[in-house]
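Residue strings, one per chain:
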Amino acid sequence: MNVDDDTLYDDSGNETSGDDVDFVIDVDNASNKELHSYDDEYQYEVLSTDDIVQHMVDCIKEVNTVVQIPLTTTRILLNYFNWDKEKLMERFFDGNQDDLFKEAHVINPFKKVNAVKPKISNKLLGTEECDICFMVFPPTQMTGLECGHRFCYQCWNEYLTTKIMEEGVGQTIACAAHNCPILVDDQTAMRLLKDPRVKLKYQHLITNSFVECNRLLRWCPSPDCSFAIKVSYVEAKPVACRCGHVFCFACGENWHDPVRCGLLKKWQKKCDDDSETSNWIAANTKECPKCNATIEKDGGCNHMICKNQNCKADFCWVCLGPWEPHGSSWYNCNRYDEDEAKAARDAQEKSRAALQRYLFYCNRYMNHMQSLRFEHKLYASVKDKMEEMQQHNMSWIEVQFLKKAVDILCQCRQTLMYTYVFAYYLKKNNQSVIFEDNQKDLERATELLSEYLERDITQENLIDIKQKVQDKYRYCDGRRMALLDHVHEGYEKDWWVYSE
Amino acid sequence: MAALPRRIIKETQRLMQEPVPGISAVPDDSNARYFHVIVTGPEDSPFEGGLFKLELFLPEDYPMSAPKVRFITKIYHPNIDRLGRICLDILKDKWSPALQIRTVLLSIQALLSAPNPDDPLANDVAELWKVNESEAIRNAKEWTRRYAMDN
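Reading the values: rules and limits
- Residues numbered from 1 in each chain as written.
- Chains lettered and ligands numbered in written order.
- Predicted model: local features only at pLDDT ≥ 70, side-chain atom pairs only at ≥ 80, totals over all residues.
- Heavy atoms only, no water.
- Helix = DSSP H or I, 4+ residues; strand = E, 2+ residues; numbered from the N terminus.
- Contact = heavy atoms within 4.5 Å.
- Areas by Shrake-Rupley, 256 points an atom, 1.4 Å probe, with all protein chains shown as cover.
- Core = buried A, V, L, I, M, F, W, Y, C linked by side-chain atoms within 4.5 Å.
- Buried < 20%, exposed > 50% of the residue type's maximum accessible area, 1.4 Å probe, protein only.
- Salt bridge = Lys/Arg side-chain N within 4 Å of Asp/Glu carboxyl O.
- Buried area = accessible area lost by both parts, 1.4 Å probe.
- Polar contact = N/O pair within 3.5 Å; in protein donor to acceptor, adjacent residues only side chain to side chain.
- Patch = residues over 30% accessible without salt bridge, like charges linked within 9 Å, V, L, I, M, F, W, Y side chains within 5 Å.
- Lys, Arg positive; Asp, Glu negative; His and termini not counted.
- Charge placed at Lys NZ, Arg CZ, Asp CG, Glu CD.
- Pairing = 2+ DSSP bridges.
- Expected span 1.5 Å × (residues − 1).
- Axes fitted to C-alpha atoms, helices over the stretch in contact; angles between N-to-C directions.
- Parallel < 35°, antiparallel > 145°, perpendicular 65-115°, else oblique.
- Left-handed = near helix turned anticlockwise from the far one by under 90°.
- Phe/Tyr/Trp six-rings, centres within 6.5 Å; stacked < 30°, edge-to-face > 60°.
- Lys NZ or Arg CZ within 6 Å of the ring centre and 35° of its normal.
- Nonpolar A, V, L, I, M, F, W, Y, C, P; charged D, E, K, R; others polar.

1. Here we look at the overall build of chain B
Right, so step 1: Counting secondary structure elements, chain B contains 4 helices and 4 strands.
Right, so step 2: Going from the N terminus to the C terminus, chain B shows its helices and strands as α-β-β-β-β-α-α-α.
Right, so step 3: Put simply, 53% of the contacts in chain B that link residues at least 6 apart link residues at least 24 apart.
Right, so step 4: Total accessible area computed for chain B in this model is approximately 7900 Å², and 51% of it derives from carbon and sulfur atoms.

In structure tokens form, the structure reads like this:
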């Protein structure tokens, strides 16, 4: 391993001007290809961990051409300002630099003084004792930061390893001495760490804070994926990671067209929290008209007797009025249709209707989500079919239509799933009726394709399959595009009115 | 258990050779990482005259992680809870491997001299310490007399 591998960057680039920063904007061909299958205009780049480090280094160098301090110090400062270059420059040139370095926990590089003199052990002149392991070393085996606190290499390694692996600290590891706020810079850390696994984790912690602070970068949210997406402006557009995961750059959720990020978030919150529990309570229970205890009717009889021992009110479940008259000959619930009772019933009707409405959309949303999960199993069965076809004199490229069909099916399921979120919030008007028609068409076409791929395909003649499958998936895709285009047009022309 | 690191051996030796005034820390006969500690209540504090027993354990990765310290003697203090757990920054996020058993125990002794009700562990105690300091100090003295003076 050469020296450069051990550091995040080498110092030789100190004098490089900022003009090499722009190269990262170029989108390489590989990601361009992926890009086209989702959206032609929105350009982005997929960055590996190494690319991210490079990008970070470029940012640091760019700032450094102006501020002219050690690169490692620049990185700590940039991190302190959440990678906001302008903010750093402003403070650097307009404020008190001593305060700035102190706040960011670095030694002012313009004022290097050894704060602490190395402790010389009495017994053996010219050696130092490490305050951590209590061993005595020649000065060459001791090291430290600008603050002057020195420890042996072994202890530094252990200290940094504990911080990184146990506590998950990267950017803000302080000197090992008690009460010393000076931060360990990345070069020193990489030099002192021995285990490659720890180095990797450290690199990840460093890049992680860089990515999370940077608006134009986002980690791929897929589990165990270490790529990040870099864009040149933020927009709610689909991006495809090299791992295959497609997500919305703006919010990080699965790509959710046609519904927008804000509504999706609202929907997910609604599904997650127990607002629906309270809706259920409102729709399925009533309050005792006397003591207000919540009551669920569990039998057919409408004569309710409150179980609250201090209340025991008799009342009618239907009209919430006192039960007494109901037993007599002048029984008539309507008779008690006073304003108050009516208001209570209206409120209940309303929340019951709201619950029904929510459940309607939620069921369909969940159903498509469930189906989408099952469709992934189709890839396996379709693969068998493709192999079978290849044994019947079809070439590999000729049988790819089957995989494409499942791709399209999954896309349609996903779109359909999110149409129900959109529809839930949508107020009825002429355009929403057209939207629902589009939704109906797409749903029907999707079900036909799904059924064909799952069941009918086994009975078909191999020769006929291709034509039928292609017809079906092209139709599906067409319906999907039509629906999305219509919704997008509506966004542009302000057709959509939301109910909440 | 693995052999005792040199650091722990040396630290224990130095602790025996130059004990800290008002503090004794003796390793357990069967476990050299477990210390029986006695801290005397600092002068001019409500804990004056008391002898407080603590236990101190050096975890496997000591000194990279902090020793675990707990009061065994009951004590009325806003930063020490019913179970004897201590709220002290150097035992948590401010731990440094350059700190030692000696420095930790000195800090605990200092905490007895200067309770910090604004960063409480025992909420009821801290509350009283803030609204009625004289009553809180009376309680602390009473607890010291009752629990820390008999043995």
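Okay, back to it.
2. Quick look at the nonpolar core
Residues and elements named next belong to chain A.
Right, so step 1: Core analysis: the biggest nonpolar cluster contains 58 residues, and C130, F151, W156 and L160 have the highest contact counts within it.
Right, so step 2: Those residues within four positions of C130 in sequence are excluded, and the remaining contacts are M135, F137, M142, F151, C152 and C155.
Right, so step 3: Residues C362, V406, L409 and C410 belong to the second largest nonpolar core, which totals 51 residues.

3. Some remarks on the pattern of salt bridges
Close approach of charged atoms allows side chains with opposite charge to pair.
Residue and element names in this part refer to chain A.
Right, so step 1: Inspection of every chain in the model, using the stated rule, returns 21 salt bridges over all chains.
Right, so step 2: For the salt bridge of D407 with K403, the shortest nitrogen-to-oxygen distance reads 3.4 Å. One end of the pair, D407, and the other, K403, are both in helix α13 (residues 400–425), 4 residues apart, so they sit about a helical turn from each other.
Right, so step 3: By relative accessible area, D407 is classed as partly exposed at 24%.
Right, so step 4: If you follow the salt bridges from partner to partner, you end up with E375, R413 and E447 in one network.

4. Quick word on the interface of chain A and chain B
Right, so step 1: Counting from both sides, the interface comprises 14 residues of chain A and, opposite them, 14 residues of chain B.
Right, so step 2: Of all residues in chain A, I132, F134 and H178 of chain A bury the most surface against chain B, accounting for 49% of the area lost on that side.
Right, so step 3: The interface formed by chain A and chain B includes 1 salt bridge.
Right, so step 4: Between R14 of chain B and E129 of chain A there is a salt bridge whose closest N-O contact spans 2.8 Å.
Right, so step 5: Seen at the junction of chain A and chain B, the total is 5 residue pairs in polar contact (both at pLDDT 80 or more).
Right, so step 6: In terms of residue count, the dominant contributor to the side of chain A that touches chain B is helix α7 (residues 153–166) of chain A (4 residues).

5. Overview of a negative patch on the surface
Right, so step 1: On the surface, D84, E86, E90 and D94 of chain A cluster together into a negatively charged patch.
Right, so step 2: If you trace the backbone, E90 of chain A turns up in helix α5 (residues 85–94).

6. Comments concerning the pairing of strand β4 (residues 68–71) of chain B
Residue and element names in this part refer to chain B.
Right, so step 1: Residues V69 and F71 of β4 are buried on one face, while the alternating residues K68 and R70, pointing to the opposite face, are not.
Right, so step 2: The pairing of strand β3 (residues 51–57) with β4 spans 4 bridges and is antiparallel. From the neighbouring strand, F57 faces β4, where its bridge partner is K68.

7. Overview of helix α2 (residues 101–113) of chain B
Every α-helix winds through 3.6 residues per turn, so residues three or four apart in the chain are directed the same way.
Right, so step 1: With 13 residues, α2 of chain B extends 19 Å between its outermost C-alpha atoms, agreeing within 8% with the 18 Å of an ideal straight helix rising 1.5 Å per residue.
Right, so step 2: Residues of α2 of chain B that are buried sit in contact with α1 (6–17), β1 (23–27), β2 (34–40), β3 and β4 of chain B.

8. As for the packing of α13 of chain A against helix α15 (residues 462–493) of chain A
Think of two packed helices as two axes; the pair is described by the angle between the axes and how far apart they sit.
Residues and elements named next belong to chain A.
Right, so step 1: At a minimum axis distance of 10 Å, the contact between α13 and α15 shows a crossing angle of 30°. With respect to α15, the element α13 is oriented roughly parallel. Between α13 and α15 the crossing geometry is left-handed. Of α15, the residues touching α13 (which contributes F401, L402, K404, A405, I408, Q411, C412, T415, T419 and F422) are I465, K466, V469, Q470, Y473, C476, D477, R480, L483, L484, V487 and Y491.

9. Looking at the packing of aromatic side chains
Residues and elements named next belong to chain A.
Right, so step 1: In this structure the tally under the stated criterion is 29 aromatic pairs over all chains.
Right, so step 2: Summarising the aromatic geometry, the rings of F422 and F435 are spaced 5.0 Å apart at their centres and angled 75° between planes, so their arrangement reads as edge-to-face. With a gap of 13 residues between them, F422 in helix α13 and F435 in helix α14 (residues 430–454) connect regions that are remote in the sequence. An identical accessibility class is assigned to F422 and F435; each is buried.
Right, so step 3: Each member of the aromatic cluster is reached from another via a ring pair, and the members are W267, Y358, F360, Y361, Y365, Y418, Y420, Y424 and Y425.
Right, so step 4: Taking NZ or CZ as reference, R364 lies 3.6 Å from the ring centre of F360, over its face.

10. A look at the packing of helix α10 (residues 261–272) of chain A against α13 of chain A
Residues and elements named next belong to chain A.
Right, so step 1: Contact pair α10 / α13: the axes reach a minimum separation of 10 Å and the direction vectors enclose 90°. Compared by their axis directions, α10 and α13 come out roughly perpendicular. Across from L263, L264, K266, W267 and K270 in α10, the residues of α13 making contact are Y418, V421, Y424 and Y425.
Right, so step 2: Taken together, the residues of the contact of α10 with α13 sort by class into 7 nonpolar, no polar and 2 charged.

11. What to know about the sheet that holds β1 of chain B
Residue and element names in this part refer to chain B.
Right, so step 1: Overall, antiparallel pairing links the 4 strands, which are arranged β1-β2-β3-β4 in an open sheet. Two strands in the sheet have a free side with no partner beyond their single neighbour: β1 and β4. Sheet twist, expressed as the mean angle between neighbouring strand axes with direction ignored, is 20°.
Right, so step 2: Where β2 lies against β3, 7 bridges are found, and the strand directions are antiparallel. Residue pairing in the sheet places T40 in a bridge with L51 of β3.
Right, so step 3: Each of β1, β2, β3 and β4 is contacted by α2, which is oriented at about 35° to β2, the strand it contacts most.

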